[in-house]
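Structural characterization, general
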Amino acid sequence: MGTDTVRAGEADEASARRREQRGWYFYDWACSVYSTSVLTVFLGPYLTSVAESAADADGFVHPLGIPVRAGSFFAYSVSLSVILAVLAMPLVGAAADRTGRKKPLLGAAAYVGAAATAGMFFLDGERYLLGGALLIVANAAQSVAMMLYNSYLPQIAGPEERDAVSSRGWAFGYAAGALVLVANLVLYTSHAGFGLSEGEAVRICLASAGLWWGAFTLIPLRRLRDRRTPARETAPGLPGFKQLAATLRDMRRHPLTLSFLLAYLVYNDGIQTVISQASVYGSKELGLGQSTLIVAVLLVQVLAVAGALALGRLARIHGAKRTILGSLVAWTVTLAAGYFLPAGEPVWFFVLAAGIGLVLGGSQALSRSLFSHLVPPGKEAEYFSAYEISDRGMSWLGPLLFGLTYQLTGSYRDAIISLVVFFVLGFALLARVPVRRAIGDAGNPVPERI
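Please read all numbers here as calculations on a predicted model, not as lab measurements. (Residues numbered from 1 in each chain as written. Predicted model: local features only at pLDDT ≥ 70, side-chain atom pairs only at ≥ 80, totals over all residues. Heavy atoms only, no water.)

Moving on, we come to the overall build of the protein chain. Within the protein chain, the regular secondary structure consists of 17 helices and 2 strands. Relative to a compact globule of 450 residues, whose C-alpha radius of gyration would be 22 Å, the protein chain shows 22 Å and is just as compact. By principal-axis analysis of the C-alpha atoms, the protein chain measures approximately 80 × 45 × 45 Å. Residues counted as buried form 52% of the 450 residues belonging to the protein chain. (Helix = DSSP H or I, 4+ residues; strand = E, 2+ residues; numbered from the N terminus. Rg over C-alpha atoms; globule rule 2.2 N^0.38 Å. Buried < 20%, exposed > 50% of the residue type's maximum accessible area, 1.4 Å probe, protein only.)

Structure follows, in structure tokens:
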């Protein structure tokens, strides 16, 4: 009877964990539409056009009296959002770990971001300042929410299933991004048939991403559970950078965790730069049109679903570390192939996009799950704040190298191939991390395959 009771309890616990995992996947489904439709496709060109309509005769706008080229306003707004996120994430992460109440903080960050995105419907005429403010709030809120979302992974998935759970989350996100992007493109390309101007169609696409984000966030908020964490010394009220410094000092007691984070920072910088500069390479070097580039983005989204799931399965056989290392080799080969792409040939650019999509989701998903093994229990949100800053706030060196290479050589082909250094160096740094020992040193059980 006692054994039956134990088995029933274990079955109930496993069922509750699977329910929580399914709810967790839906936050990726909810927020990834913002990254795809808003940041990657529509907002940059549209906000730039709004700023240009408000510019003076010399092409400058003057936010807070500061002269800024209209064409640089979007990039500067993104940079300011990163600074705000860097300030906020360590504070929110420490508060989440201290109180064990991640869910209210996740809900608050998600709905602030969703509301700001929905508010982009009112971005018309010369309201570039409104657009910049909404972008800064939405982007920073998304970073904070993603940090809290990621920190749930070690709590809802056991060591042996974490790679698969993380991969499914990424796959859900890419699937949602592709689905909504198809709907957006139908509306955008057929706006006249719907009785809309081009600007109205774009504003509806932007706002719909916010509504989607807010609506589907209800599912994880219903299914995820808060967990009380062991009491520990904290430093409440520290400013963001000081709290981040305190987290990094704590990481020094886990140097192998810090070594992985350094490797991730390097190769993820390369990944983020390829994502952000591929469209520039396609338009400026290969002479491809906007419609071709949008279809390529959609292709990346669709294939990233299959790639995330496939690499998740490979990780179950070969371990997460070996699979990530293999993905870095694939990234290097893809960039080398991109260097030789012929101009004016969309088919070959689509082949390049397919290669990027197949390794993109898996390398990101497995990096997240591997890092989750290296986080000391009770410090998930705090450590994932440093991880998220590495993911979003520190990816500046790649664009700098890309820009400098182009400036010195005048060739986007040289600029794109220069990014290989991030994948080669990231491979070398990750290969040196003894992950089994790192997991044990963090106080976590070591999976059979890692």
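Time to look at the packing of helix 2 (residues 73-99) against helix 4 (residues 128-151). Helix 4 packs onto helix 2 with a crossing angle of 35 degrees between their chain directions and a minimal axis gap of 7 Å. Where helix 2 crosses over helix 4, the two elements pack in a sense that is right-handed. Grouping the amino acids of the contact of helix 2 with helix 4 by side-chain chemistry returns 18 nonpolar, 6 polar and no charged. (Axes fitted to C-alpha atoms, helices over the stretch in contact; angles between N-to-C directions. Left-handed = near helix turned anticlockwise from the far one by under 90°. Nonpolar A, V, L, I, M, F, W, Y, C, P; charged D, E, K, R; others polar.)

We now examine the nonpolar core. Trp24, Tyr27, Leu43, Phe260, Trp331 and Phe371 are the most contacted members of the largest nonpolar core, which totals 129 residues. Here the element with the most residues in this core is helix 1 (residues 2-54); it accounts for 16 residues. (Core = buried A, V, L, I, M, F, W, Y, C linked by side-chain atoms within 4.5 Å.)

A few words now on the pattern of salt bridges. Note on pairing: side chains with opposite charge can pair once their charged atoms come close. Going through the model one piece at a time under the given rule, you end up with 5 salt bridges. Note that arginine 127 is salt-bridged to aspartate 124, the shortest N-O span being 3.5 Å. Looking at aspartate 124, the relative accessible area reads 28%, which means it is partly exposed. Between glutamate 285 and arginine 413 there is a salt bridge, with the nearest N and O atoms lying 3.2 Å from each other. Of this pair, glutamate 285 sits in helix 9 (residues 255-285) while arginine 413 is found in helix 15 (residues 412-417), placing the two residues 128 residues apart along the sequence. (Salt bridge = Lys/Arg side-chain N within 4 Å of Asp/Glu carboxyl O.)

Further remarks concern the packing of aromatic side chains. Per the stated rule, a full pass over the model turns up 27 aromatic pairs. Seen in terms of ring centroids, phenylalanine 371 and tyrosine 387 are 4.9 Å apart; in terms of plane orientation they differ by 20 degrees. Their pairing is stacked. Highlighted residues: phenylalanine 371 in helix 12 (residues 346-373) and tyrosine 387 in helix 13 (residues 380-393), separated in sequence by 16 residues. Assigned by exposure class, phenylalanine 371 and tyrosine 387 land together as buried. Their ring planes at 75 degrees and their centres at 5.4 Å tell us that phenylalanine 384 and tyrosine 387 sit as a pair that is edge-to-face. A residue pair is termed a helical-turn pair when its members lie 3 or 4 positions apart in one helix, as phenylalanine 384 and tyrosine 387 do in helix 13 at 3 residues. Looking at phenylalanine 384, the relative accessible area reads 0%, which means it is buried. (Phe/Tyr/Trp six-rings, centres within 6.5 Å; stacked < 30°, edge-to-face > 60°.)

Turning next to helix 16 (residues 420-431). Between its first and last C-alpha, helix 16 extends 17 Å over 12 residues, near the 16 Å set by a 1.5 Å rise per residue. At its buried positions, helix 16 is contacted by helix 9, helix 11 (320-339), helix 14 (397-409) and helix 15. (Expected span 1.5 Å × (residues − 1). Contact = heavy atoms within 4.5 Å.)

Structurally, valine 297 can be placed in helix 10 (residues 290-318). The sequence separation of valine 297 and alanine 315 amounts to 18 residues, and the corresponding C-alpha distance is 26 Å. Ignoring sequence-local partners within four residues, the contact set of valine 297 consists of Thr40, Val41 and Leu181.

Right, let's talk about the confidence of the model for the protein chain for a bit. The predicted model of the protein chain averages 86 in pLDDT, with 92% of residues at 70 or higher. Here residues 231-235 scores under 50 on pLDDT; set against residues more than four positions off or in separate chains, the count is 6 contacts. (pLDDT = per-residue confidence, 0-100.)

Before going further, it helps to spend a moment on a nonpolar patch on the surface. A surface patch of nonpolar side chains, about 320 Å² in accessible area, is lined by Phe121, Phe122, Leu130 and Ile204. Its place among the elements puts phenylalanine 122 in the loop between helix 3 (102-118) and helix 4. The partly exposed category is assigned to phenylalanine 122, whose relative accessible area is 48%. (Patch = residues over 30% accessible without salt bridge, like charges linked within 9 Å, V, L, I, M, F, W, Y side chains within 5 Å. Areas by Shrake-Rupley, 256 points an atom, 1.4 Å probe, with all protein chains shown as cover.)

Before going further, it helps to examine the side chain of glutamine 364. Tracing the backbone through its elements, the reader meets glutamine 364 in helix 12. Under the relative-accessibility criterion, glutamine 364 is labelled buried at 8%. Polar side-chain contacts of glutamine 364 include one of 2.7 Å to the side chain of tyrosine 174. Contacts of glutamine 364, omitting those with residues within four sequence positions, involve Trp170, Tyr174, Ile271, Gln272 and Tyr387. (Polar contact = N/O pair within 3.5 Å; in protein donor to acceptor, adjacent residues only side chain to side chain.)

The subject of this paragraph is helix 4. End to end, helix 4 covers 35 Å across 24 residues, agreeing with the expected 34 Å (1.5 Å per residue, within 8%). The element helix 4 is largely enclosed, with a buried count of 20 among its 24 residues.

Taken together, Arg18, Arg19, Arg22 and Arg222 make up a surface patch of like positive charges. It is helix 1 that provides the largest number of residues to the positive patch, a total of 3 residues. Position of arginine 222 relative to the elements: it lies in helix 7 (residues 198-223). (Lys, Arg positive; Asp, Glu negative; His and termini not counted. Charge placed at Lys NZ, Arg CZ, Asp CG, Glu CD.)

Another aspect to go through is the environment of serine 363. Checked against the element boundaries, serine 363 lands in helix 12. Aside from chain neighbours lying at most four places away, what touches serine 363 is Ile271, Leu311, Ser327 and Trp331. Side chain to side chain, serine 363 and tryptophan 331 meet in a polar contact 3.5 Å long.

In contact at an axis separation of 9 Å, helix 6 (residues 162-189) and helix 7 are set at 155 degrees when each is read in the N-to-C sense. Taken as axis vectors, helix 6 and helix 7 run roughly antiparallel relative to one another. The element helix 6 and its partner helix 7 pack so that their crossing is right-handed. Between helix 6, through Ala176, Leu179, Val180, Asn184, Leu187 and Tyr188, and helix 7, the contact on the second element is made entirely by Glu198, Ala201, Val202, Ile204, Cys205, Ser208 and Trp212. Taken together, the residues that form the contact of helix 6 with helix 7 break down as 10 nonpolar, 2 polar and 1 charged. (Parallel < 35°, antiparallel > 145°, perpendicular 65-115°, else oblique.)

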